[in-house]
Amino acid sequence: MGRIRKIIPSMFHRRLVLIGLLMSLPFLPLGARLGWVTLVKGADARTQAESRLVRQSWEPTVRGRILDRNGRVLAQDRPSYDLAISYEVISGEWARRSAERFARRVHRDVWPALDADERAAWVRTYQPAYEQRVEQMWGLIAQGAGVSRDDIEASRRTVVERVERMQAAVTARRIETERENLRRAGIRIGQAEEARIRRIADSPIAERTQAHPIVSGVADDIGFRFMRLAERDAPVFAAGEAGEAALDERQPLLPGLRVIDATERVYPYDRMRVEIDRTTLPAPLRGDGMMQVEVEEIAGLMLGSVRRRVFQEDVERRRRRIEEDAALRERALTQRGVDTGAYFLNGDRVGHTGIEAAMEDALRGFRGLRRENLQTRAVEHRAAIPGDDVRLTIDIQLQARVRAILDPEVGLTRVQPWHQNSNLPAGTELDAAAVVLDIPTGEILAMVSMPEAPRDGDWSRRGLQGEALERYLAVHTPFVNRAIGKPYQPGSIVKALILCGATKAGLYSPGERIRATGHYFPNRPNMFRSWIYKQYGITHADQLGRDPDDSDALMVSSNVFFFTLGDRLGPRGVAEVYRSFGIGEGFGLGLGGEWPGSIGGLTNRVVDGSDLERHDAIFLGIGQGPITWTPLHAADSYATIARGGYRIVPRLIAEQGVAPQVIDLGIPSSAIRNTLDGLRRAANDWDFGTGMRININGTNDRIFNAPGVTVWGKTGTADASPVVWKPGGPESDEPAVVVRQGDHSWYVVLVGDEGEAPRYAIAVVVDFGGSGGRVSGPITNQIIHALIQEGYLGGRAGPGRRADAAGSAGGRR
């Protein structure tokens, strides 16, 4: 207190200071709030204020194309736009509401005192000006879009009738629902409740708040023109007491207009007609002339699809990619940090499956952005950047031919009497997959899985609905890409791999003969048998007149020979052979849904053989037991042998300037030489080759009949788990039914021009087909003919050879 007296000696002045402090106390919270707004939140508030002075509009981009190795367009955008108008404009409600708002503003001093009739009179005075604006808009749309006013009026009337019909139906349903709820609650429905029900029921449906297309499918130049017009506004005119005068009111030149991106993703090669030479088919299907086959969904699983619905996980994935990928971030973000490739949740497009999904960031492109300062009229513009094209290694013409070969209409994937299939009746359609691989580059030329689901999801076109569709989906799994995504036991086709692996490990000497006993264990004649002993009671030594060496064993497919090699390798050794050929790892094709292969069980991620027993290793010597892979694994493994033990990881996306990944397996040249010799004899030796001929009605028919080529190959018949279907679903009381059972059919070949090294690897599998030679063999033969027809074999100057000269998709050497 003494200090205060020293500073302020006068009692009068001290009282003035005290009074001033007391009077300032109520203003302290206001001052604090002002400081908070100014100092802490000032930047945000300034940004919000500035944003109100900026008009921002997006310009659409074009999604990149997907091309085949020869530059054919497999997927592209077909640009088009819909001119949509908000429902309140279409129905006339906008003109009335706008006139009412303007009347309130002009007559705000007297408006509260006006009665309903007086207010309505003023609204009627101004409403014609807004109606005139709408009429002007209809004229501009008709002129700019090249349609008649009658067509626009018909579209407008149709929209109104549809929406009002929907509103009436929803309102009636709401009323009935509310009344029923009250009755159940025991509440008497009086006037007050009826009024409440009516308020609830009359609330507008979503369609009343949305824009509806009036003109659909206009070209992109027209769409862009209307986008620019939609940004303009103009004064509104109305008839006043002193004649027509400009009002202090501006409205959009085209009120309620939204230009909606209706771009369609089209797949030009989704449907094709393919010719198959009847003279090259097996005898019962053989005939004169060419068979015309109409095929569709030629590469549907591979190319995938685009959906017009964005999920939150799409947004999150995009955000993470922008954070992690500096190159993408550099291209996508504006100087203000806006992602020009971001997803709009309402109707934006996003890659859903296949290449469309895998290459989404490259294909998507970047929108253009236009920012106009409404105060200074300064404009910032960033042009749209189209999405990148993605080139694949496949040849769509070859893909179409393979797709036609696997079509049941041809007859090769339909159970035939000569198949000798004891599990399925003749005529049953068989599922299948095929892969064609370019040996020098590892590029996939064709990859087909049958059946495929319709891209539009309309199964009714195939006559499938209800329970019939449920059964079909359970039996045929059309959404699985069998070429890369379904686990199969390989069967005898892996014997070539086992021979190479055992020789590399020093556990087999080239040319060594292994005694053919008919069964592996001397005292167990009913276990670990050769197929020839099981069927005919003889051994391969009886057949050949000698015990088989490595080339012989592949030619006759001796089980005992490869049981022996599996046993010598042991669990870890046989697992290492499989792993060296890529089993247990995916290919990273970018499609998703890849099955990496397994050693030791489908759910077991341990692939080093540590969980295998001796009997597993013996069985794995012939591709049976705890081992699975896919047709692409099979083609890749045989291509590796053809390259002399050098593995090139297969690829589907052609990346210019990117060298393929090459892995040296270190297989001795003697093993490669004897393996190829055995595969050649298996496919060409008339007397002993297991993949040389099929017996049809007592007559032997040569499997491969294409001139000017050499084939190396191996058949396989692999165990398969039965397919079980439960009618009515899992919760049904109906008993489960076995709908498929038997063995899978394999044939894997190498093929090249006569006198030259192998050039292409082909792998074919037919689900529950049974015999590899009888079922998959004729399919493989037709694929060789397809390679000839497309110029890849036989010295013809077809598209395949021309691609060499052009160097497309990495070329072919």
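Residues numbered from 1 in each chain as written. Predicted model: local features only at pLDDT ≥ 70, side-chain atom pairs only at ≥ 80, totals over all residues. Heavy atoms only, no water.

(A) Summary view of the overall build of the chain. Within the chain one finds 28 helices and 29 strands. Taking all 813 residues of the chain together, the buried fraction comes to 49%. A fraction of 72% describes how many contacts in the chain between residues 6 or more apart in sequence connect residues 24 or more apart. Surface exposure of the chain reaches about 38,600 Å², of which carbon and sulfur atoms provide 51%. (Helix = DSSP H or I, 4+ residues; strand = E, 2+ residues; numbered from the N terminus. Buried < 20%, exposed > 50% of the residue type's maximum accessible area, 1.4 Å probe, protein only. Contact = heavy atoms within 4.5 Å. Areas by Shrake-Rupley, 256 points an atom, 1.4 Å probe, with all protein chains shown as cover.)

(B) Spatial organisation of the environment of Ile-484. By the secondary structure assignment, Ile-484 is in helix H18 (residues 482–485). Overall, Ile-484 belongs to the buried group, its relative accessible area being 1%. When neighbours within four sequence positions are excluded, Ile-484 is seen to be in contact with Met-447, Leu-589, Leu-591, Gly-592, Gly-593, Glu-594, Trp-595, Thr-630 and Leu-632.

(C) Looking closely at the packing of helix H16 (residues 396–405) against helix H27 (residues 772–789). It is at 10 Å that the axes of H16 and H27 come closest, and there the two elements cross at 155°. In terms of orientation, H16 and H27 fall into the roughly antiparallel class. When you trace H16 past H27, the crossing you get is right-handed. Contacts between H16 and H27 involve Leu-398, Arg-401, Val-402 and Ile-405 from the former and Ile-779, Gln-782, Ile-783, Ala-786, Leu-787 and Gln-789 from the latter. (Axes fitted to C-alpha atoms, helices over the stretch in contact; angles between N-to-C directions. Parallel < 35°, antiparallel > 145°, perpendicular 65-115°, else oblique. Left-handed = near helix turned anticlockwise from the far one by under 90°.)

(D) Region of the structure containing the nonpolar core. Counting residues in hydrophobic clusters, the biggest one holds 143 residues, and the most contacted among them are Leu-392 and Ile-784. Tyr-87, Ile-141, Val-160 and Val-236 belong to the second-largest nonpolar core, a separate cluster that totals 42 residues. (Core = buried A, V, L, I, M, F, W, Y, C linked by side-chain atoms within 4.5 Å.)

(E) Seen up close, the sheet that holds strand S3 (residues 73–78). One open sheet holds the four strands; their spatial order is S9-S3-S2-S16, and the pairing between them is mixed. Two strands close off the open sheet at either side, each with one partner strand: strand S9 (264–266) and strand S16 (390–391). With three bridges joining them, S3 and S9 adopt antiparallel strand pairing. Bridging across to S9, Gln-76 finds its partner in Val-266. (Pairing = 2+ DSSP bridges.)

(F) Representation of the sheet that holds strand S14 (residues 368–373). Reading across from one edge, S1-S14-S15 is the order of the three strands in this open sheet, with antiparallel pairing throughout. Of all the strands in the sheet, the pair left with one neighbour each is strand S1 (54–59) and strand S15 (379–382). Between one strand and the next, the sheet's axes are offset by a mean angle of 10°, whatever the strand orientation.

(G) Fine view of a negative patch on the surface. Residues Glu-467, Glu-470, Asp-733 and Glu-734 make up a contiguous surface patch of negative charge. For Glu-467, the location among the structural elements is in helix H17 (residues 466–476). (Patch = residues over 30% accessible without salt bridge, like charges linked within 9 Å, V, L, I, M, F, W, Y side chains within 5 Å. Salt bridge = Lys/Arg side-chain N within 4 Å of Asp/Glu carboxyl O. Lys, Arg positive; Asp, Glu negative; His and termini not counted. Charge placed at Lys NZ, Arg CZ, Asp CG, Glu CD.)

(H) Representation of unusual backbone geometry. Residue Pro-451 is reached from Met-450 by a cis peptide bond, and omega for that bond is 0°. Among the secondary structure elements, Pro-451 is positioned in the loop between strand S18 (444–450) and H17. For Glu-297, which is not a glycine, the phi torsion comes out positive at approximately 50°. Of note, Glu-297 is situated in the loop between strand S11 (290–296) and helix H11 (300–303). Residue classification places Glu-297 among the buried positions, given a relative accessible area of 7%. With a phi close to 60°, Ser-557 is a non-glycine residue in the positive phi region. Counting through the fold element by element, Ser-557 comes out in the loop between helix H22 (550–556) and helix H23 (559–580). With relative accessibility at 5%, the residue Ser-557 sits in the buried group.

(I) The arrangement of the pattern of salt bridges in detail. Inspection of every chain in the model, using the stated rule, returns 64 salt bridges. Where Arg-482 meets Asp-767, a salt bridge forms, and the shortest distance between an N and an O atom there is 3.1 Å. On the criterion of sequence distance, the pair formed by Arg-482 in helix H18 and Asp-767 in the loop between strand S29 (760–766) and H27 is long-range, its members being 285 residues apart. Note on accessibility: Arg-482 and Asp-767 belong to one class, buried.

(J) Spotlight on the packing of helix H19 (residues 495–504) against H23. Interhelical geometry of H19 versus H23 gives an angle of 70° and a closest axis separation of 9 Å. It follows that H19 is roughly perpendicular to H23 by the angle criterion. On H23, the residues that touch Lys-495, Leu-497, Ile-498, Leu-499, Gly-501 and Ala-502 of H19 are Asn-559, Phe-562, Leu-565, Leu-569, Val-574, Val-577 and Tyr-578. In terms of residue class, the contact of H19 with H23 is built from 10 nonpolar, two polar and one charged. (Nonpolar A, V, L, I, M, F, W, Y, C, P; charged D, E, K, R; others polar.)

(K) Quick look at the side chain of Arg-740. Mapped onto the elements, Arg-740 comes out in strand S27 (residues 737–740). Buried Arg-740, no salt bridge; nearest opposite-charge side chain is Asp-431, N-O distance 5.5 Å.

(L) Representation of the environment of Arg-104 within the structure. Within the element layout of this structure, Arg-104 appears in helix H6 (residues 93–106). With relative accessibility at 40%, the residue Arg-104 sits in the partly exposed group.

(M) View of the packing of aromatic side chains. With the rule as written, the count across this model stands at 18 aromatic pairs. Considering the side-chain rings of Tyr-81 and Phe-224, the 5.8 Å spacing of their centres and the 50° angle between planes classify their relative orientation as tilted. Of the two residues, Tyr-81 sits in strand S4 (residues 81–86) while Phe-224 sits in helix H10 (residues 220–230), which places them 143 residues apart along the sequence. Overall, the relative accessible area of 28% leaves Phe-224 in the partly exposed class. When the ring of Trp-629 is compared with that of Trp-746, the centres are 6.3 Å apart and the planes differ by 55°; the resulting orientation is tilted. Residue Trp-629 is located in the loop between strand S20 (627–628) and helix H25 (631–642), and its partner Trp-746 is located in strand S28 (residues 743–753); the two are separated by 117 residues in the primary sequence. Feature note: the residues Tyr-520, Phe-521, Phe-528, Phe-563 and Phe-619 constitute an aromatic cluster, connected by ring pairs. Directly above the aromatic system of Phe-521 lies the positively charged group of Arg-524, at a separation of 5.9 Å from the ring centroid. (Phe/Tyr/Trp six-rings, centres within 6.5 Å; stacked < 30°, edge-to-face > 60°. Lys NZ or Arg CZ within 6 Å of the ring centre and 35° of its normal.)

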